[in-house]
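Spelled out, the chains give:
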Amino acid sequence: MNKISDIETIRSLFPALEQTVNSRKLVYLDNGATAQKPKQVIDMVNLMNSGVNGNIHRAVHELSSKTTELYEESREVTRKFMNAAQREEIIFTSGTTASINLVAVCYGGKHLKKGDSVLISEAEHHSNIVPWQMICQSKEANLRVIPVDENGHWRMDMLDNLLDSSVKIVSVSHISNVLGLINPVEELIFKAHAKGIPVLIDGAQSIVHIETDVRKLDCDFYVFSGHKLYGPTGTGVLYGKREILDSMPPWMGGGDMVDTVTLEKTTYAPLPLKFEAGTPNFIGAAAMAEAIRFVESIDRKLLDKMEQSIVDYMTEELLKIDGLRLYGRGDSRISLFSFTVNGAHPSDLAMIMDKMGVALRSGQMCAEPLMRRFGVEAMLRASFAAYNTIEEAEYFIASLKRAIKMLS
Ligand code: PMP
């Protein structure tokens, strides 16, 4: 099949991009928070809600067989997309947050003891901080942190000291939702593994911007959300190496995660169902497979070329603006930019730009420790997706300049 090799075709697949907001053509640059959905994702949700609907894994009737097939097919599509070795290694969850909580409770709950440590970085989303704090608190373990430098890079020089024998797991983002830098996860995984420590990679931002190969990375867990990958909300994935998932106790108990149940004792279903208690979001999972198919239908060269030209244009133009401070500086980055402007509050700028049709994120970005690191209370963020054009980047820069002027 011919791959999509132009951006107009990509845009034509997204009904949401045709709307006007505040009487202006929408320029949607809040993709780091959630992405818009292509037609094939919407169609799958509609098709299933309109009748291809029967609870999975439970009944012998036709509708149940169809939905079970779509659900398990999605697992296979996801497995291939991440290059996982086996379908049993793909657990469907409700998103990144649920996936990290699952690992914190099941892996951390089993392995952490008083005085042990969990290692994260200073640039994590709250979803990759709080679940670890909670399990550390209950186990009397410690949360250790890799600091970031002025440019937002992990202080790799401190890693050898931080990674001592008290560390039972490392959990870090592949790409921070604030800084947009591609972190040196390969080096971290290599160093952690040399000491026998497993590593979880939070791929919430990376999954949509760079190709993910969990076997090449050799990470022990990899997590992401469907909604940032053009899929539905309430969908997500926990990838885990089979032997490590096998060794973990289940999280939630309920239907589908059991083998036999008596009132005295329950035995659990094998992977992946052991971690999928209750009726899962099977419509969402089937639609997430469509989102992955959409991403795979685009020529990767087009995606990489667009990403690079937006990175080059945005970095150059942002840095020309007086009083603007860009957080996350370096060549290895994605088209996600967080910044502050002297004398202009991020929320005021975001509100003015919303009136111009530009959707941005402002605030603490669910990364309060990182805000504190840089001595600010809030930032403004523009984050791009496969359907964003250079013209939109130009409109964004022109609108930002106008908004700054209005506030000065
Ligand atoms: N980690 C990172 C790096 C993120 O960007 C996000 C979403 N902003 C999350 C975790 C949490 O994802 P979700 O809210 O979809 O569970």
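All figures in this text were calculated on a predicted structure; none of them were measured in a lab.

Student: Give a description of the environment of R329 that names residues and reports values.
Tutor: Inspection of the secondary structure puts R329 in the loop between β13 (324-327) and β14 (336-341). Put simply, R329 and D43 are 286 residues apart on the chain and 40 Å apart in space, counted from C-alpha to C-alpha. Residues within four places of R329 in sequence aside, it is in contact with N151, H153, L181 and L319.

Student: Requested: an account of the domain arrangement of the protein chain, with residues and values cited.
Tutor: Once the domains are mapped, the protein chain shows domain 1 (7-30 + 299-407) and domain 2 (44-296). For domain 1 versus domain 2, the distance between C-alpha centres works out to 28 Å. Counting from both sides, the interface comprises 31 residues of domain 1 and, opposite them, 27 residues of domain 2. Between domain 1 and domain 2, a total of about 2,500 Å² is buried, with carbon and sulfur atoms accounting for 57% of that surface. Counting the surface domain 1 buries against domain 2, the share from its top three residues, R300, I334 and R373, is 24%. Seen at the junction of domain 1 and domain 2, the total is three salt bridges. When the shortest N-O distance is used, the salt bridge between R373 and E122 registers 4.0 Å. Taken together, the links from domain 1 to domain 2 amount to 17 residue pairs in polar contact (both at pLDDT 80 or more).

Student: Would you mind going over the confidence of the model for the protein chain in detail, with residue names and values included?
Tutor: In the predicted model, the protein chain carries a mean pLDDT of 97, and the fraction of residues at 70 or more is 100%. For the protein chain, per-element mean pLDDT is lowest for strand β11 (residues 258-261), which scores 95, and highest for strand β8 (residues 199-202), which scores 99.

Student: Break down the packing of aromatic side chains for me, citing the residues and quoting the values.
Tutor: Overall, the coordinates contain 10 aromatic pairs when judged by the stated rule. Aromatic pair Y107 and F221: ring centres 6.1 Å apart, planes at 70°, arrangement edge-to-face. One end of the pair, Y107, is in helix α4 (residues 96-111); the other, F221, is in strand β9 (residues 221-225), with 114 residues separating them in the sequence. You can call Y107 buried: its relative accessible area is 9%. Here F221 falls in the buried class, since its relative accessible area comes to 0%. With centroids separated by 6.3 Å and ring planes inclined at 70°, the aromatic side chains of F339 and F396 adopt a geometry described as edge-to-face. With F339 in strand β14 and F396 in helix α14 (residues 390-407), this residue pair connects regions lying 57 residues apart in the sequence. According to the relative accessible area criterion, F339 is buried, its value standing at 1%. Feature note: the residues F14, Y230, F294 and Y387 constitute an aromatic cluster, connected by ring pairs. Sitting over the ring of F374, R373 keeps its end group 5.1 Å from the ring centre.

Reading guide: rules and limits
- Residues numbered from 1 in each chain as written.
- Predicted model: local features only at pLDDT ≥ 70, side-chain atom pairs only at ≥ 80, totals over all residues.
- Heavy atoms only, no water.
- Helix = DSSP H or I, 4+ residues; strand = E, 2+ residues; numbered from the N terminus.
- Contact = heavy atoms within 4.5 Å.
- Domains from an automatic or database assignment.
- Buried area = accessible area lost by both parts, 1.4 Å probe.
- Salt bridge = Lys/Arg side-chain N within 4 Å of Asp/Glu carboxyl O.
- Polar contact = N/O pair within 3.5 Å; in protein donor to acceptor, adjacent residues only side chain to side chain.
- pLDDT = per-residue confidence, 0-100.
- Phe/Tyr/Trp six-rings, centres within 6.5 Å; stacked < 30°, edge-to-face > 60°.
- Buried < 20%, exposed > 50% of the residue type's maximum accessible area, 1.4 Å probe, protein only.
- Lys NZ or Arg CZ within 6 Å of the ring centre and 35° of its normal.

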